Amino acid sequence: VSPTKFGVKLVTSPMSPAYKTCGGPLSCPTHRMRTTGDKVALSFSFPSANVGVGLLGAVFILAIALLTFAQEPDAAQRFQDALQAQRRGDAALAVRKYQDLLRLRPDMVEARVNLGVVLASLGRLDDAIMQYRTALREAPTNRDARFNLGLTYFKKRNYSQAADEFGALHDTEPGDVRTTTLLGICDVHLGRDDNAISLLMPIERIAPDNLDLKWALGSALIHSGRTEEGVERVQRVADQRRSAEAY
């Protein structure tokens with residue numbers, strides 16, 4: 001994972017709806033704790049400095065205390081060893097360690113999600129997609145796996161498949177700014193400008209300073225003939241990011 005290239009959002013897998021998260025602006029680091037039965041997970045989220053609120057940052061599992069592994073210390077240690085290799089940027093070693101762990105525990109969704117992230121960072125997008133799909137067969141409601149699957153399709157410019165995954169996430173959490181923005185961008189690429197506008201207009205009121213959102217909404221408005229409204233938003237992106245493309 002290259003924080004300088006894509007930005008990284010470090011979060012836990014969504015194991016249950018029971019969680020706590022700190023408030024604050026999108027530009028501040030946030031922390032989250034989730035609990036479910038005998039599992040506890042702690043994570044931190046950091047925005048990217050390059051792509052606004054880490055829009056293209058993959059999601060991987062930072063730290064997890066698995067009490068179910070009390071009788072399997074080897075599996076817990078293997079997870080931590082793989083995670084450390086991933087965090088220090090030794091992607092090849094992380095891949096090997098996650099693969100070793102999954103041979104021991106093929107049902108460990110957290111390890112499979114992280115393996116997908118590392119594979120994607122190496123440009124092995126199809127292999128990453130396979131890992132995320134396998135994780136979703138094991139845990140169909142895992143939001144991290146589904147988000148990363150959509151993000152990988154997005155990076156492959158397969159906007160139709162990406163929209164399917166982001167759309168499924170949006171259906172269950174319509175107020176999520178990042179997912180909704182990515183879904184709106186997919187709609188713009190697919191020529192579904194009216195859909196993008198209906199998605200992004202309400203979210204703009206929640207995140208009025210999100211430049212990724214403004215770029216997508218401005219583009220959709222321009223394409224749909226609402227030029228003045230669209231140019232106003234694109235101009236703001238151009239001014240703040242000094243973007244030649246925006247100008």
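Above this text sits the structure in question.
Draft legend 1. Representation of the nonpolar core. In this structure, Tyr98, Phe154 and Phe166 are the most contacted members of the largest nonpolar core, which totals 58 residues. Here this core gets 8 residues from one element, more than from any other, and that element is helix H3 (residues 109–121). In this structure tyrosine 98 touches Phe79, Ala82, Leu83, Gln86, Ala111, Asn114, Leu115 and Val118, once residues within four positions along its chain are discounted.

Draft legend 2. Focus on the pattern of salt bridges. Applying the stated rule across the entire model yields 14 salt bridges. With its nearest N and O atoms 3.0 Å apart, the salt bridge here joins arginine 124 to aspartate 127. In this structure, the salt-bridge partner of arginine 241 is aspartate 212, at a minimum N-O distance of 3.2 Å. Of the two residues, arginine 241 sits in helix H10 (residues 227–241) while aspartate 212 sits in helix H9 (residues 211–223), which places them 29 residues apart along the sequence. For aspartate 212, a relative accessible area of 10% gives the class buried. Via salt bridges that share partners, Arg133, Arg146 and Glu165 belong to a single interconnected network.

Draft legend 3. Layout of helix H4 (residues 125–138). Over its 14 residues, H4 extends 20 Å from the first C-alpha to the last, a length consistent with the 20 Å expected when each residue adds 1.5 Å. Taken residue by residue, H4 has Leu125, Ala128, Ile129, Gln131, Tyr132, Ala135 and Leu136 as its buried positions. Seen along its axis, H4 keeps its buried residues to an arc of 160°; they face one direction. H4 presents Asp126 and Arg137 as exposed residues on the side facing more than 90 degrees away from its buried surface.

Draft legend 4. Inspection of unusual backbone geometry at higher detail. Phi is positive for arginine 157, which is not a glycine, with a value near 65°. Structurally, arginine 157 is set in the loop between helix H5 (143–155) and helix H6 (159–172). A residue is classified by how much of its surface remains accessible, and arginine 157, at 66% relative accessible area, is exposed.

Draft legend 5. Local environment of the packing of helix H8 (residues 193–206) against H9. Direction vectors running N to C along H8 and H9 enclose 140°, while the axes themselves pass 9 Å from each other. Taken together, the axes of H8 and H9 lie oblique to each other. For H8 against H9, the interelement crossing comes out left-handed. Contacts between H8 and H9 involve Asp193, Ala196, Ile197, Leu200, Met201, Ile203 and Glu204 from the first element and Leu213, Lys214, Ala216, Leu217, Ala220, Leu221 and His223 from the second. Taken together, the residues of the contact of H8 with H9 sort by class into 10 nonpolar, 1 polar and 3 charged.

Draft legend 6. Region of interest: helix H7 (residues 177–189). The end-to-end C-alpha distance of H7, which contains 13 residues, comes to 18 Å, matching closely the 18 Å that a straight helix rising 1.5 Å per residue would cover. For H7, a buried count of 12 out of 13 residues is recorded, marking the element as mostly surrounded by other parts of the structure. Within H7 the residues assigned to the buried category are Val177, Arg178, Thr179, Thr180, Thr181, Leu182, Leu183, Gly184, Ile185, Cys186, Asp187 and Val188. The opening residue of H7, the one whose side-chain oxygen lies 3.2 Å from the backbone nitrogen of arginine 178, is aspartate 176. Glycine 191 sits one or two positions beyond H7 and adopts a positive phi of about 75°.

Calculation rules
In every chain, residue numbers begin from 1 and rise along the written sequence. Per-residue local features are limited, in this predicted model, to residues with pLDDT of at least 70; the limit for side-chain atom pairs, both in listing and counting, is 80 or more; totals at the level of whole chains, interfaces and linings are taken over all residues. To obtain the side-chain values, all non-hydrogen atoms of the structure were used and water was disregarded. Within this scheme, the nonpolar core is defined by two criteria: the residues are buried Ala, Val, Leu, Ile, Met, Phe, Trp, Tyr or Cys, and they are joined through side-chain atoms within 4.5 Å. Buried residues are those whose accessible area, probed at 1.4 Å on protein chains only, stays under 20% of the maximum for their type, while exposed residues exceed 50% and partly exposed ones sit between those limits. Put simply, DSSP marks the helices as runs of H or I at least four residues long and the strands as runs of E at least two long, and each gets a number from the N terminus on. The criterion used for residue contact is that any of the two residues' heavy atoms lie within 4.5 Å. By definition here, a salt bridge exists when the distance from a side-chain nitrogen of Lys or Arg to a carboxyl oxygen of Asp or Glu is within 4 Å. Here the expected length of a helix is defined as 1.5 Å per residue gap, with one fewer gap than residues. By definition, the arc is the one covered by directions from the helix axis to the C-beta atoms. A fitted line through C-alpha atoms serves as each axis, taken over the contacting stretch for helices, and the angle formed by two N-to-C directions is quoted from 0 to 180°. Throughout this description, any angle smaller than 35 degrees is read as roughly parallel, any larger than 145 degrees as roughly antiparallel, any in the 65 to 115 degree range as roughly perpendicular, and the remainder as oblique. When the near helix sits turned anticlockwise from the far one by under a right angle, the crossing is termed left-handed; a clockwise turn instead gives a right-handed crossing. Three classes are used: nonpolar for Ala, Val, Leu, Ile, Met, Phe, Trp, Tyr, Cys and Pro, charged for Asp, Glu, Lys and Arg, and polar for all others, with Gly counted as polar. By the criterion applied in these results, polar contacts are pairs of N or O atoms within 3.5 Å in which, for protein atoms, one can donate a hydrogen and the other can accept it, and in which residues neighboring in sequence qualify only through two side-chain atoms.

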